[in-house]
Amino acid sequence: MTIKPGRVPGPRGTFQAPHIAMSVFARGVLARLATRLYFEGSDGLADDPVLACVPAERRETLVATPVDTGKWRFDINLGGSGETAFFAL
């Protein structure tokens, strides 16, 4: 459990939308997979500099949706048409 974070400074004087940086480790995956969880409806989604690096048609794979007050759903998919966008670090 955690609390929803606020906006944080980004590169070149920008601000990032609220997000949680995540790493995924799984059997059969030789290197960690880095991704982010953003919150649907948050301020700054449209101008987040990191999210803007993700192709528009894949951004939804990084956005959690509300399921109840204070509860969010975020599915990580390791393959297929809805594969979560991962970042090369």
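How each quantity is defined
Residues numbered from 1 in each chain as written. Predicted model: local features only at pLDDT ≥ 70, side-chain atom pairs only at ≥ 80, totals over all residues. Heavy atoms only, no water. Helix = DSSP H or I, 4+ residues; strand = E, 2+ residues; numbered from the N terminus. Rg over C-alpha atoms; globule rule 2.2 N^0.38 Å. Buried < 20%, exposed > 50% of the residue type's maximum accessible area, 1.4 Å probe, protein only. Areas by Shrake-Rupley, 256 points an atom, 1.4 Å probe, with all protein chains shown as cover. Core = buried A, V, L, I, M, F, W, Y, C linked by side-chain atoms within 4.5 Å. Contact = heavy atoms within 4.5 Å. Pairing = 2+ DSSP bridges. Axes fitted to C-alpha atoms, helices over the stretch in contact; angles between N-to-C directions. Phe/Tyr/Trp six-rings, centres within 6.5 Å; stacked < 30°, edge-to-face > 60°. Polar contact = N/O pair within 3.5 Å; in protein donor to acceptor, adjacent residues only side chain to side chain.

### Brief notes about the overall build of the protein chain
Within the protein chain, the regular secondary structure consists of zero helices and six strands. For the protein chain, the N- to C-terminal ordering of α and β elements is β-β-β-β-β-β. Taking 2.2 N^0.38 as the reference for a compact globule, 89 residues should give roughly 12 Å; the C-alpha atoms of the protein chain span a radius of gyration of 13 Å, in line with that estimate. On the principal axes, the C-alpha backbone points of the protein chain span a range of 40 × 35 × 25 Å. Counting the 89 residues in the protein chain, one finds 27% classified as buried. With the model as given, the accessible surface of the protein chain reaches about 6,200 Å², and the carbon-plus-sulfur share is 55%.

### Structural notes on the nonpolar core
Judged by nonpolar contacts, Ala17, Tyr38, Val50, Leu51, Val54, Leu62 and Ala85 together constitute the single largest core of seven residues. The contact partners of valine 54, leaving out residues within four places of it in the chain, are Arg59, Leu62, Ala85 and Phe87.

### Comments concerning the sheet that holds strand S3 (residues 19-24)
Within the open sheet, the four strands sit side by side as S3-S4-S5-S6. Their pairing is mixed. Only two strands of the sheet have a single partner each, and these edge strands are S3 and strand S6 (71-73). Ignoring which end each strand starts from, the neighbouring axes of this sheet average 40° apart. Pairing geometry for S3 and strand S4 (residues 33-39), over six bridges, is antiparallel. The residue bridging serine 23 from the neighbouring strand is alanine 34, located in S4.

### With respect to the packing of aromatic side chains
Considering all chains together, one arrives at one aromatic pair under this definition. Centre to centre, the rings of phenylalanine 39 and tryptophan 72 are 5.1 Å apart; their planes meet at 75°, and the pair counts as edge-to-face. Of this pair, phenylalanine 39 sits in strand S4 while tryptophan 72 sits in strand S6, placing them 33 residues apart in sequence. For phenylalanine 39, a relative accessible area of 4% gives the class buried. With a relative accessible area of 31%, tryptophan 72 lands in the partly exposed category.

### Notes on the environment of glutamine 16
Inspection of the secondary structure puts glutamine 16 in strand S2 (residues 15-16). If sequence neighbours within four positions are ignored, glutamine 16 has contacts with Arg7, Val8, Pro9, Gly10, Arg36, Asp48, Pro49 and Val50. Here the side chain of glutamine 16 touches proline 9 through a polar contact of 3.0 Å, landing on its backbone oxygen.

Keep in mind that these numbers describe shape and distance, not what the molecule does.
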